Amino acid sequence: MSYGFIKVAAATPKIKIGDCGYNAQQICEKIEEVYAKKVQLVVFPELCITGYTCSDLFWQTTMLENARKQLQVIAEYCEGKEITVVVGLPMVYKNKLYNVGAVLYDGEVRGVVPKSYLPNYSEFYEQRHFVSGKDVDGEICVGVDEDGDEICCSFSPRTKFVFEKIPGMELALEICEDLWVPHPPSTEHALHGATVIANLSASDEVTGKDSYRKTLVSGQSARTVSAYIYADAGEGESTTDLVFAGHNIIAENGNILAEAERFQNETVIADIDLDRLVAERRRMTTFEVETEDEYVEEFIEMELLDGAVERFIDPAPFVPSNESERKKRCEEILNIQSYGLKKRLEHTNCKCAVVGISGGLDSTLALLVTVRAFDLLGLDRKGIVAVTMPGYGTTDRTYTNAVTLIDILGCTFQEVNISEATTLHLNQIGHDMEQKDVTYENAQARQRTYLLMDFANEYNGMVIGTGDLSELALGWATYNGDHMSMYGVNSGVPKTLVRHLVRYYADTCGEEKLEKILLDVLDTPVSPELLPPKDGVISQKTEDLVGPYELHDFFLYYVLRFGYAPKKILFLAKHAFENQYDEETILKWLQTFYRRFFAQQFKRSCLPDGPKVGSVAVSPRGDLRMPSDACVKEWLEELY
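Residues numbered from 1 in each chain as written. Predicted model: local features only at pLDDT ≥ 70, side-chain atom pairs only at ≥ 80, totals over all residues. Heavy atoms only, no water.

Asks: Just checking my understanding: could you explain the packing of aromatic side chains for this structure?
Replies: To describe a pair of aromatic rings, one takes the distance between the centres and the angle between the planes. By the definition in use, this model includes 25 aromatic pairs. Ring geometry for Tyr-93 and Tyr-98: centres 6.1 Å apart, planes at 70°, overall edge-to-face. The buried category is assigned to Tyr-93, whose relative accessible area is 11%. On the basis of relative accessibility, which here comes to 8%, the residue Tyr-98 falls in the buried class. Through successive ring pairs, a cluster of aromatic residues spans Phe-318, Phe-554, Tyr-557, Tyr-558, Phe-562, Tyr-564, Phe-577 and Tyr-581. Its end group placed over the ring of Tyr-549, Lys-495 keeps NZ or CZ at 5.0 Å from the ring centre. Lying across the ring of Phe-597, Arg-604 places its NZ or CZ 4.4 Å from the centre. (Phe/Tyr/Trp six-rings, centres within 6.5 Å; stacked < 30°, edge-to-face > 60°. Buried < 20%, exposed > 50% of the residue type's maximum accessible area, 1.4 Å probe, protein only. Lys NZ or Arg CZ within 6 Å of the ring centre and 35° of its normal.)

Asks: Explain unusual backbone geometry to me, please; I cannot follow it from the model alone.
Replies: The phi torsion at Lys-38 lies on the positive side, around 65°, for a residue other than glycine. Relative to the assigned elements, Lys-38 resides in the loop between helix H1 (20–35) and strand S2 (41–43). Of note, the phi angle at Asn-480 is positive, near 60°, even though the residue is not glycine. You can see Asn-480 is positioned in the loop between helix H12 (469–474) and strand S19 (487–488). (Helix = DSSP H or I, 4+ residues; strand = E, 2+ residues; numbered from the N terminus.)

Asks: Before we go on, may I ask you to explain empty space enclosed by the protein in this structure?
Replies: Left-over empty space is what a probe sized like a water molecule reveals as it rolls over the atoms. Enumeration over the complete set of coordinates arrives at four cavities of 30 Å³ or more. When its volume is computed, the largest cavity comes out at roughly 140 Å³. Forming the boundary of the largest cavity are 15 residues, of which Gly-467, Leu-472, His-483, Ser-491 and Leu-607 lie nearest the centre. Put simply, the second largest cavity is a space of about 90 Å³. Considering the residues around the second largest cavity, the lining is formed by 14 residues, among which Ser-491, Gly-610, Ala-617, Val-618 and Ser-619 are closest to the centre. Within the lining of the second largest cavity, the residues separate by chemical class into seven nonpolar, four polar and three charged. (1 Å grid on protein atoms, 1.4 Å probe; cavity = no way out; pocket = protein on both sides within 12 Å on 5 of 7 lines; lining within 4 Å. Points joined across faces, edges and corners; volume = space filled by probe spheres on them. Nonpolar A, V, L, I, M, F, W, Y, C, P; charged D, E, K, R; others polar.)

Asks: Hey, could you run me through the packing of helix H16 (residues 549–561) against helix H18 (residues 583–599) in this one?
Replies: If you want to describe how two helices pack, look at the angle between their axes and the distance between the axes. Where H16 meets H18, the axes come as close as 10 Å, and the angle between the chain directions of the two elements is 60°. If you check the angle between H16 and H18, you find them oblique. Classified by chirality, the crossing of H18 by H16 is right-handed. Here Leu-551, His-552, Phe-555, Leu-556, Val-559 and Leu-560 of H16 lie close against H18, whose contacting residues are Ile-586, Trp-589, Leu-590, Phe-593, Tyr-594 and Phe-597. Counted by class, the contact of H16 with H18 contains eleven nonpolar, one polar and no charged residues. (Axes fitted to C-alpha atoms, helices over the stretch in contact; angles between N-to-C directions. Parallel < 35°, antiparallel > 145°, perpendicular 65-115°, else oblique. Left-handed = near helix turned anticlockwise from the far one by under 90°. Contact = heavy atoms within 4.5 Å.)

Asks: What am I meant to see in the nonpolar core here?
Replies: Among soluble globular proteins, nonpolar side chains are generally buried collectively. In terms of nonpolar packing, the biggest core is built from 89 residues, with Leu-367, Leu-518, Phe-554, Phe-555 and Tyr-594 touching the most fellow members. It is helix H8 (residues 361–377) that provides the largest number of residues to this core, a total of nine residues. Not counting the four nearest positions on each side in its chain, Phe-555 is found in contact with Ile-569, Ala-573, Ile-586, Trp-589, Leu-590 and Phe-593. Grouped together as the second largest cluster of nonpolar side chains are 49 residues, Tyr-52, Cys-54, Leu-118 and Ala-202 included. (Core = buried A, V, L, I, M, F, W, Y, C linked by side-chain atoms within 4.5 Å.)

Asks: Looking at this structure, how should I read the sheet that holds strand S17 (residues 412–415)?
Replies: What holds strands together in a sheet is hydrogen bonding between their backbones, with the strands either parallel or antiparallel. Taking strand neighbours across the sheet as the criterion, the five strands line up as S17-S16-S15-S18-S19 in an open arrangement whose pairing is parallel. The sheet terminates laterally at S17 and S19, the two strands that pair on one side only. Pairing of strand S18 (residues 462–465) with S19 involves two bridges; the strand directions are parallel. Bridge pairing links Gly-465 to Gly-488 in S19. Lying on the sheet, helix H9 (residues 396–409) is in contact with strand S16 (384–388) and S17; it crosses S16 at an angle near 165°. (Pairing = 2+ DSSP bridges.)

Asks: How should the sheet that holds strand S10 (residues 196–201) be read in this particular structure?
Replies: Pairing in this open sheet of six strands is mixed, and the strands run S8-S9-S10-S11-S12-S13 from one edge to the other. Looking at strand neighbours, the two that pair on one side only are strand S8 (160–162) and strand S13 (255–259), the edges of this open sheet. Between one strand and the next, the sheet's axes are offset by a mean angle of 20°, whatever the strand orientation. Note that strand S9 (residues 170–175) and S10 share five bridges and pair parallel. Bridge pairing in S10 links Leu-173 to Ala-198. Against the sheet, helix H5 (residues 209–223) makes contact with strand S11 (227–232), strand S12 (249–252) and S13, and its axis sits at roughly 30° relative to S12, the strand it touches most.

Structure representation (structure tokens):
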């Protein structure tokens, strides 16, 4: 006797983007795996038959037809099994493309549910390919029978699946973004009797999103007094700027019953108590089974009052102040970076990575991430070609740190002094070597990138970019120099976080020699080292030139995350840095930020791929679609 319990699962298969046959095979293997454990309902991720990140491949007829054929393959695989399967794929209905979830049972497609809310912000671009199924209500052809007649089933977001022999078991679907909107379809589903909600999702990882996602799932299951099965895309889906982690969750009336360890493509299984859900709804007199079509609105004319701001304004919005949370954030970011690079290396079948090592923070972090990616792939670290390229401004300290770091990590060491080649080039263009200007500096940066690209060709490898988010925001990179790579692992990490990531690595590496060298890197002033040193020490400090990175990261956060006006950002900065910078200093660097941010967009418009790690990013393919020739005039005028 089951006593009202049913075993359910959320499963993430490892897929190949665009390979429907392979993906269907992986899905069937997962079905077999959970069926052996007596699971009766299994939910798979959004668009898992094709892959969520197919982008413009969704317009390819070949892939759409293959997806439909493989849906039948999966359905036939379920024949004779007492298991209900929910899978995602793209489907055409009346000449429009929909992002759908299909419910399969005993060899048949029993119903198809289209996604209602299509995100078209930040890294999401679904309205380019799909249309909303919010108001669709009809039937869709899912195949043909032996006589050549079409096989059709219901096609509506308001489809509910009733299990006649399982009292209290009524299933409804929503797809990813449907959960994130103010009034999720699952609310209506629950009010019309659904006790189990399946969510097919492809939610990419950025820092802190896992906690928010978990809260959403838990909260919606509590609000709807339902069981909520959330199946998330994982390894194999990661591509270009995005990394997916397979964060599968099963909740029941606000309680998390099972949660997958991220980045493991882990299947989670739990027993849900249908009797408890039914009893709880019966007890709650406010859980109404019918809804009103019209609402009465009442308005309160409240005015916004001026007054002193007493709330805490965090001067480091990218860095958690709580130590345990900060450690968790650092581990999460290192995972996103390394798994993103892992996928790129795996996809290209590349066994070599080329990294330029200066002895500074950014290149150190890039090397550490590359080492983690190689370890995840089981590749020999000798496949990491770490190149030092001393030049006019290189100091003994940074050079020694670079060489020592490469040796400790067991990478292949290469050294090329760029001074002679750069001097030759500058002489060829008639540049006066006594003139230490931008030409003098950028020639060195481009010479280094030129060498790294050549090394990549020589070793059949991939150049790993080292530049961070703060540098990209300020345009503090040489166009077609350090601005360019084949995959930029640090492109989503602000400078204030780079420092904490390296420190976290030092604190947790368990190697005394590595810890010592990383701590010295942390103690070294941030510098491009493009000007000759004075008395053997760094003469060119970045923050003396462009301003303190802690201020710029603060500005960046509020400009991009919330779109605040310059005056409000100045106001917030004055409170956050009250005992550190005066208003004149903050204003000076805020003006610098706006000037550089607008003027340097052309560099960001052609960025290499790199993993998004937080809610603020500057990829032209996702979060920041900004014209390269936008005028900053009115933003600056507000500050004068």
